[in-house]
Structure formats: C-alpha cells, structure tokens
Amino acid sequence: MESMDIAIETIESIRSAIQPDRLLDTALKLIEVPSPTRQAKGALDRMDEILSDDGFTVERHDADWPDAPAVVVRWSSGRPGKTIQFAGHLDTVHLQFVPPRVESGLLYGSGASDMKGGTAAAVEALRVLRDLNALQAGDVLFTAFDLHEAPWGDGAQITALTRDGIVGDGVLIPEYHMQSLPVGGRGLAIMEVTINRDGEPMHEVVGGIEQPNVIAAGVELVQKFLQLDKELAEISDPMIGRESAFVGQIHSGEIFNQSPTELTLSGTRRWIPGTKIEFVEQQYRSIINEIAQTDGIQIEDNLMVVVDAFELDQSHPLIDKFQSVCQAVMGKPLPVGPKPFADDGNRISTIAGVPAITHGPDAKGAHTLEESVPVKELQRVALIYALTAMVFCPD
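Counting from 1, residues in each chain are numbered in the order their sequence is written. In keeping with the model being predicted, local features are shown solely for residues with a pLDDT of at least 70 and side-chain atom pairs are shown and tallied solely at 80 or more, while totals for entire chains, interfaces and linings include all residues. Hydrogens are left out, water is left out, and the side-chain values use all remaining heavy atoms of the structure.

Take the sheet that holds strand 19 (residues 356–358) next. The sheet built from six strands is open, its strands ordered 1-2-6-3-7-19 with mixed pairing. Where the open sheet ends on each side, the last strands, each with one partner, are strand 1 (58–61) and strand 19. The average angle at which neighbouring strand axes cross in this sheet is 20°, direction not considered. Pairing of strand 2 (residues 70–76) with strand 6 (residues 139–145) involves six bridges; the strand directions are antiparallel. Whether two strands pair comes down to DSSP finding at least two bridges between them. Strands here are runs of E lasting at least two residues and helices are runs of H or I lasting at least four, both read from the DSSP assignment and numbered beginning at the N terminus. Axes, fitted as lines to C-alpha atoms, cover a helix only where it is in contact. Angles between the N-to-C directions of the axes lie from 0 to 180 degrees.

Next up, the structure:
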C-alpha cells in the first residue's frame, strides 16, 4: 500500500463538523420504525423524510420492489471526479421488535447493529461533506433499500439498482465489521428441502412402520451432504477459507411412535471465488435427484443463491485511500482478511466490477434481540466515510 498523508487539520475539521446529537437522532428515528425484510417501506419513507428535511433531493426507485421503493440521493461537488457510494439496507431480520433506547453510551434496538446505526453514520458523513463543501471533485451517491436479510429477502433491490447503473466507482457498506479490511468472501446459498409421503400420520403398530419412511430418506440426505462437506473441505483459499455444505435444521414427526408424512431440512452451501454458481447448483441437484428415487416419497426443494463469492482487487485506489484514512484516524491500517458474512458488497462487486468495502461500527448482537452499538463508534464511522470520500473522489 502506498500511504498518503492526511493533514491533522483536515481530520479535525471533519470531526468537529460531525454533530453527535444529529447523528443519534437519525439513528433513533430509523430504529423506531419496525422494518422486517419485505416490509421496510416505513423505514425508507422515514429516511426520505430525514434527507428531504436536510435539504437533499431524494429520488425513489422501485428497483424491482415497488412495495418499498429504494432511497437514492446524489450530492455533487460540481467538479469532475469519481463517485463514492454509501450503501445501507434498512430491513431487519424477523425477530420481535425492540424499540430504540440509549443507555451508558450504547444505542439499543432492532437494527441498531444491523444496520440502521451504521447507515445513520453514513448519512452524517454525507451531511458533513455537503455542509463543508469538502469534496474537491467528484460525487457522493447514497442508497438505502429493502430485501437484504435472507431467507426473507434475496438482495433483489440492490441488485436492480446496481444493474440499472445506480452504483459508484467505489462503495462503502456500514455493516457491523471493523476489525479487518475484507478483501474476499465466500458465496452463500440456502438449502431448503421438504420430503413428503402420501397419506396421513399413523401409529407405528397399526401400519405406520410399513409406510415410506421420510425420516430415513432425510437421514440419507444428511449423510450425502456430510460426505459432500468432507470433499469440499479440500477446496480452500488460505485467506477466505474452505467450501462447505452444512445442515443446521431438521424437523419431523409429532410423537415418538408415529410415522410422519413430512420432514423438513435446511442448511447452507458456501463456496470460494473460482467456483461457478452453475456448478454449485448442479452438484446440489444431483444429490436431491438421487434421494428422490426412493420409493413412495416426493421432494420439494429450493436452493436460494444469496450472494456469489467475491475477491477485491487490492491494487484498486479505493483500497489505498481507505487504508490511508484508517492510518490517519485509528493509527494504523486495517489488516486484510476474509469477510465473515455475506453482504451486499458481494453483489455489487460481482455485478458492477467495482470495489465494495464493508466497514461499520464495532456493534454487537446482530440477528438477536440484544443489538447494541456504541454511539462513539457511529461518530468514528461518519469520520472514516467522509474522509475516504474526500481522498478518493478527486483522485
């Protein structure tokens, strides 16, 4: 990495322009609107209201999901340069809603970690850049959207935005990860299988034991996935990790001595860059078809591809500029490493061919009822985002 110096005066100018109360108020207003995936219209409308009240021109794009049009804001320096995109989803996982509260410097509530808090920090960075007219050249593109959280969503909205050219030359995604710079990540598909037989559930001693056995078919399917996982363990990347097939849920039967008519199974398939989605699908389909030959059973299944694997070009200018900002703000660049989860950066990078860096607050409790994020962390993210835009866009 070729480091660049960022003046202390520049850092302090941006830091002093960040308004902690304004940032926190934005986060609270977003969190107080429940927005489970596929039902995020209220939160997106609230974002529209917040940005419009701040004087930004807000566009709404259906992006293949008219139930909750995405929010798009473009702010330009008025001088030619690159466009940096701040991209945040406003939908949350389907858990009981937890209203926002602030205690001892921590923000709690549904989406505080994942990722309304980080998205509020991106909004604050956008405001500061506008308020100070801080970009020497280039533009900022802000996008907020629904359909992120699987299995309820499939990423179709950010995919459509990207496909339609609403994408930057570089992207920052404020998910809850800040320990490293993720330069690669595995693809992810969710496996959902239902094995059925005809007839009704029945006691084992009055004919149940003679029925086609959905549990036996399920066990055979699990064994095949376990065998596949052993084979996939040999396909690995020293940084990103190994490929895998994992079964996390299996359910069948109502009581110990009843022959059930249905078994459900779900799990994941993960792969590294270089493995084609088509191969993953063919491999999965071969296993399902083999089990489907069992007499007396039927199979309904779905392999939901969430994201493809990705790998960032570490020579891209965004990587260098971002690391220089980390050096200036946090005292050292981030170590490079794998992305521990799949997010919209996978989609944007593979569709548009532009680097998407996942970096957000050091938040806790994502996908639980105990989401929390330090308010100071939101301020740090706003500072990182504003400074990265300032050094990347004019380059």
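With 10 of its 11 residues buried, strand 9 (residues 187–197) lies for the most part within the structure. Across 10 bridges, strand 9 lies against strand 15 (residues 262–271) in antiparallel orientation. Pairing of L188 across the sheet is with R270, part of strand 15. Categorising residues by exposure relies on relative accessible area from a 1.4 Å probe, with only protein chains included: less than 20% of the type maximum marks a residue as buried, more than 50% marks it as exposed, and the intermediate range marks it as partly exposed.

This brings us to the sheet that holds strand 9. What the four strands build is an open sheet, ordered 13-15-9-16; its pairing is antiparallel. Two strands in the sheet have a free side with no partner beyond their single neighbour: strand 13 (244–252) and strand 16 (297–307). Adjacent strand axes in the sheet meet at a mean angle of 15°, parallel and antiparallel pairs treated alike. The pairing of strand 13 with strand 15 spans eight bridges and is antiparallel.

The next thing to look at is the packing of helix 3 (residues 41–53) against helix 4 (residues 112–132). Between helix 3 and helix 4, the least distance of the axes is 12 Å, while the angle of their chain directions is 20°. When the axes of helix 3 and helix 4 are compared, the pair comes out roughly parallel. The handedness of the crossing between helix 3 and helix 4 is right-handed. Residues A43, M47, I50 and L51 of helix 3 form the contact with helix 4, whose own contacting residues are K116, T119, V123, L126 and R127. Residues are grouped as follows: nonpolar covers Ala, Val, Leu, Ile, Met, Phe, Trp, Tyr, Cys and Pro; charged covers Asp, Glu, Lys and Arg; every other residue, Gly included, is treated as polar. Residues of the contact of helix 3 with helix 4, tallied by class, amount to six nonpolar, one polar and two charged. Each angle receives one of four descriptions, namely roughly parallel if under 35 degrees, roughly antiparallel if over 145, roughly perpendicular if within 65 to 115, and oblique otherwise. Here a crossing is called left-handed whenever its near helix is offset anticlockwise from the far helix by less than a right angle, and right-handed whenever the offset is clockwise. Whether two residues are in contact is decided by their heavy atoms: any pair within 4.5 Å suffices.

Another point: the side chain of K116. Of note, K116 is situated in helix 4. Counting rule applied: Lys, Arg positive; Asp, Glu negative; His and chain ends not counted. Salt bridge criterion: a side-chain nitrogen from Lys or Arg within 4 Å of a carboxyl oxygen from Asp or Glu. Despite being buried, K116 has no salt bridge partner; E371 is the closest side chain of opposite charge, sitting 8.7 Å away. Those residues in contact with K116 that sit more than four places away from it in its chain are L30, I31, V33, S35, A43, L90, T92, S110 and G111.

As a further point, take helix 4. Since the α-helix packs 3.6 residues into each turn, any two residues three or four apart lie on the same face. Most of helix 4 sits out of view: 18 of its 21 residues are buried. One or two residues past the end of helix 4 sits N133, with phi positive at roughly 50°.

For the rest of this paragraph, the subject is the packing of helix 2 (residues 20–31) against helix 3. A packed helix pair is summarised by two numbers, namely the angle formed by the two axes and the spacing between the axes. Helix 3 packs onto helix 2 with a crossing angle of 150° between their chain directions and a minimal axis gap of 9 Å. Relative to helix 3, the element helix 2 is oriented roughly antiparallel. Between helix 2 and helix 3 lies a crossing whose hand is right-handed. Facing helix 2, whose interface residues are T26, K29 and L30, helix 3 presents A43, R46, M47 and I50. Here the contact of helix 2 with helix 3 is composed, by residue class, of four nonpolar, one polar and two charged.

Let us look at the state of the cysteines. By disulfide we mean two sulfur atoms from cysteines, separated by a distance within 2.5 Å. Taken as a whole and judged by the stated rule, the model has zero disulfides. Considering cysteine sulfurs only, C326 is the nearest to C393, which forms no disulfide, with 16 Å between them. A relative accessible area of 0% places C393 in the buried class.

Below, the discussion takes up the environment of L263. Structurally, the position occupied by L263 is in strand 15. The sequence separation of L263 and R197 amounts to 66 residues, and the corresponding C-alpha distance is 9.4 Å.

Residues enter a nonpolar core if they are buried and are Ala, Val, Leu, Ile, Met, Phe, Trp, Tyr or Cys, with the set joined through side-chain atoms within 4.5 Å. Among the nonpolar cores identified, the biggest contains 70 residues, and F86, L129 and F142 are the most heavily contacted of them. No other element matches helix 10 (residues 375–392), which puts 13 residues into this core. What L129 contacts, discounting residues up to four positions off in sequence, is W75, F86, A134, L135, V140, A386, A389 and M390. Counting 24 residues, the second-largest nonpolar core is a separate cluster that includes V193, V214, L263 and Y284.

Our next topic: helix 1 (residues 8–17). Within helix 1, the full set of buried residues consists of I11, I14 and A17. The buried residues of helix 1 occupy an angular sector of 135° when the element is viewed end-on, so they sit on one face. Summarising the geometry of helix 1, the exposed residues directed more than 90 degrees from the buried face are I8, E9 and S16. In this fold, the buried residues of helix 1 make contact with helix 2, helix 4, helix 8 (317–330) and helix 10. Working note: the arc is built from the helix axis to C-beta atom directions.

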